[in-house]
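# Report on the structure
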Amino acid sequence: MTNKLTELLKYKPQNLLNIFFTAGYPHLEDTTTLLTALENADVDLVEIGIPFSDPLADGPTIQESSKIALENGMSIEKLFSQLQNHTPKVPVLLMGYLNPVMQYGLEKFCKKCQETGVDGLIVPDLPMYIYETEFKEVFEKYNISNIFLVTPQTSEKRIREIDDNSNGFIYAVSSASTTGSKADFSAAADYLGKLKEMDLKTPILTGFNIKNKQNFEDACKYVNGAIIGSEFIRQITDVEDITVAATSYIDSIKR
């Protein structure tokens, strides 16, 4: 499989910065404004959250952004219509839960992803067995990478299974908490070190509790890059200009 994500992972295997934001937040039409700002700030890839009323893996900050986005009128259909008018310069991933995808229709959803330049999907509550038996063929038909998550509680056997079934990167959750907790990222060092020692063939990006340049650099000592979500949402909340806020924050990570 070849798409913008797999190409990125080939030519830039280290120090990857992935930024997450919720579609339709802070305002309904901010989705492509933020995407453009992040592309211009030279992030490596962008993860766009599909708002959902029961986001199990997300902490209070992203839950609140999801709630506001839904109140703003965001939907999967609206998100695709926004992306239809934007040609992505970097790999774009959608992060969402299984229920809305199935309600929309799996094949219709994947076809729309391909048409709008989406390269990968993160569906935290998609079991591997269901992916292998019902989703994999459809994902591959539309050239979409599926991203599995692992946690400190995931067994080595399971991690190696995921490694064998991955065609993008593995999302290593750095703690057993939800996103945006106040846990110290340094506590994840042992876990990420063990993942590094496993010498997996699939690149690893880590997320949850990455907040600043130091966290990002620490993460990149162990894995291929890091994902920043909750802290980025905080940075674009209640600001006069989200483009300026987004650009300033990315500069603080990269400079």
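Data block above holds the structure.
Calculation rules
Residues numbered from 1 in each chain as written. Predicted model: local features only at pLDDT ≥ 70, side-chain atom pairs only at ≥ 80, totals over all residues. Heavy atoms only, no water. Disulfide = S-S within 2.5 Å. Buried < 20%, exposed > 50% of the residue type's maximum accessible area, 1.4 Å probe, protein only. Helix = DSSP H or I, 4+ residues; strand = E, 2+ residues; numbered from the N terminus. Expected span 1.5 Å × (residues − 1). Arc of directions from axis to C-beta. Contact = heavy atoms within 4.5 Å. Polar contact = N/O pair within 3.5 Å; in protein donor to acceptor, adjacent residues only side chain to side chain. Pairing = 2+ DSSP bridges. Axes fitted to C-alpha atoms, helices over the stretch in contact; angles between N-to-C directions. Phe/Tyr/Trp six-rings, centres within 6.5 Å; stacked < 30°, edge-to-face > 60°. Lys NZ or Arg CZ within 6 Å of the ring centre and 35° of its normal.

### Overview of the state of the cysteines
Per the stated rule, a full pass over the model turns up zero disulfides. Just so you know, C110 is unpaired, no disulfide at all, and the nearest cysteine sulfur is the one on C113, 5.9 Å from it. C110 sits in the buried class, given a relative accessible area of 0%.

### Side note on helix α12 (residues 242–254)
With 13 residues, α12 extends 18 Å between its outermost C-alpha atoms, agreeing within 8% with the 18 Å of an ideal straight helix rising 1.5 Å per residue. The complete set of buried residues in α12 reads I242, A245, A246, Y249, I250 and I253. Projected down its long axis, α12 carries its buried residues within an arc of 125 degrees, all on one side. Its buried side turned inward, α12 meets β1 (16–22), α2 (31–40), α10 (213–220), β9 (225–228) and α11 (230–235).

### Digging into helix α1 (residues 4–11)
Since there are 3.6 residues in each turn of an α-helix, residues three or four apart along the chain are aligned in direction. Residues L5, T6, L8 and L9 constitute the buried set of α1. When α1 is viewed along its axis, its buried side chains cluster within an angular range of 160 degrees and face the same direction. With respect to the buried face of α1, the exposed residues turned more than 90 degrees away are K10 and Y11. Close packing links the buried residues of α1 with β1, β2 (45–49), β3 (92–95) and β5 (145–147). Capping the start of α1 is the job of one residue whose side-chain oxygen sits 3.0 Å from the backbone nitrogen of L5: N3.

### Topic: the sheet that holds strand β6 (residues 149–150)
Spatially, the nine strands line up as an open sheet ordered β5-β4-β3-β2-β1-β9-β8-β7-β6, and their pairing is parallel. Looking at the sheet topology across the chains shown, the edges are occupied by β5 and β6. Contacts from α1 reach β1, β2, β3 and β5, with the element oriented near 70 degrees to β5.

### A closer look at the packing of aromatic side chains
Applying the stated criterion across every chain yields a total of eight aromatic pairs. Centroid distance Y131 to F148: 5.3 Å. Interplanar angle 90 degrees. Geometry classified as edge-to-face. Here the residue Y131 occupies a position in helix α7 (residues 128–141), and F148 occupies one in the loop between β5 and β6, the gap between them amounting to 17 residues. Each member of the pair, Y131 together with F148, is buried. If you follow K108 out to its NZ or CZ, it ends over the ring of Y104, 4.4 Å from the centre.

Taken by themselves, the reported measurements are silent on function.
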